[in-house]
Amino acid sequence: MKLESLELLRASLPLVSPFRTSFGTETARDVLLLRVVASYSAGPDGVSGASSGEAEGWGECVAMSDPLYSSEYVDAAADVIRRFLVPALGALRDVEVHAAERAFARIKGHPMAKAAVEAALLDAQLRQAGMSLGTFLGAVHEAVPAGVSVGIMDSVPELLDAVDGYLAEGYLRIKLKIEPGWDVAPVRAVRERFGDDLLLQVDANTAYTLADARQLAKLDPFDLLLIEQPLAEDDLAGHAQLARLLRTPVCLDESITSARAAAEAIRIGATRIVNIKPGRVGGYLEARRIHDVCAANGVPVWCGGMLETGIGRAANVALAALPNFTLPGDTSASSRYYLRDITAPFVLEDGHVRVPVGEGIGVVPDQDALDDVTVSTEWLPS
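It should be emphasised that the depicted structure is a prediction, and the values quoted were computed from it without experimental measurement.

### Details of the sheet that holds strand β2 (residues 24-40)
Now for step 1: Read across the open sheet, the four strands follow the order β3-β2-β1-β13; overall the sheet is antiparallel. The strands lining the two open edges of the sheet, one partner per strand, are β3 (53-61) and β13 (374-381). This sheet shows a mean twist of 20 degrees between the axes of neighbouring strands, independent of strand direction.
Now for step 2: When strand β1 (residues 2-21) meets β2, the two strands line up antiparallel, connected through 15 bridges. Paired with Lys 2 across the strands is Ser 39, a residue of β2.

The structure is reproduced here in structure tokens:
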């Protein structure tokens, strides 16, 4: 398979409501989408395909507009793709996804940019092969349990109304964003209102330090599934110390950048649960490796979200169908974030989201919906 061209599409999708975390508030999603066109031909043994032709694939970059969640941001991701990743692919005789991953390894950092290109190539490769992403990754479920992430609110009553609405929609797990000054009170209120049977967890997005251990320990009585990334992403030792002070399981997100990082975090006792975000770790190949490392160590995983459109959500749902994804992830319905998605919407069915079964990621953009939100396009020749 040879890369013929790659299109960068910039889109702006308004969110159904502002989404506030410890690092800022989003009212619209600044989305970088990728479309690759690759040509393929049958090899002498037919392995490369039954005939010659072209395959198209789609990927989504989950970087935010500003470098707040991570050092990556959309403009920089587009620049890295344009100046470094596409030329690296152009030098390959075959842009098979593992070869592309090796070619990208010499370019330091930028996992979200790499993940977007990898996803688009993988989509094209699997469409040409007639295989779904779920089958390629090793999915074992036809549908995955869906949780929902609830941002920081202006008041506890507003939070309770939001949670009540999500539970009425059928979500199986609630995740509350927290920060200093918004932690114990909202958690207590949700527990008291909705009971002990509610699957409840919290996410700090690195907002605390080890000096806050006593405050975080006040969450222990509420029987949370986990507390996600309480400390800085580079503070594995601090997380290991904190984990010994809390009864609530510590889960790592931003700290898990690779399978090697996951193995080290598990080894030193810094985490008992891992959140896997493909964009954060450089793509679905590395995400599967992290899944396997955690499974081998008896550490459950779940799939995090980055306000993806249907393009990124389709791939995440396929990943979340692997066997060690034993906790509900942030694989919410499209309506959680967007009035109109750019693909056919993902919907809740008895608290679950179905895994796409079509070739590749199993979805394609609705061209009218995509045209309505696209603000710029750029074709990059290989």
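### Notes on the sheet that holds strand β7 (residues 200-203)
Now for step 1: Pairing in this open sheet of seven strands is parallel, and the strands run β5-β6-β7-β8-β9-β10-β11 from one edge to the other. Here the strands that pair on one side only, and so sit at the sheet edges, are β5 (147-150) and β11 (301-303).
Now for step 2: Taken together, the four bridges between strand β6 (residues 173-177) and β7 define a ladder with parallel strand orientation. Along β7, the bridge assignment pairs Leu 176 with Val 202.

### Remarks on the pairing of β2
Now for step 1: Most of β2 is tucked away: twelve of the 17 residues are buried.
Now for step 2: Hairpin connection of β1 to β2: two residues between the antiparallel strands.
Now for step 3: Bridge count for β2 against β3 is nine bridges, and the pairing is antiparallel. By the bridge assignment, Leu 32 is partnered in β3 with Cys 61.

The rules behind the values
- Residues numbered from 1 in each chain as written.
- Predicted model: local features only at pLDDT ≥ 70, side-chain atom pairs only at ≥ 80, totals over all residues.
- Heavy atoms only, no water.
- Pairing = 2+ DSSP bridges.
- Helix = DSSP H or I, 4+ residues; strand = E, 2+ residues; numbered from the N terminus.
- Axes fitted to C-alpha atoms, helices over the stretch in contact; angles between N-to-C directions.
- Buried < 20%, exposed > 50% of the residue type's maximum accessible area, 1.4 Å probe, protein only.

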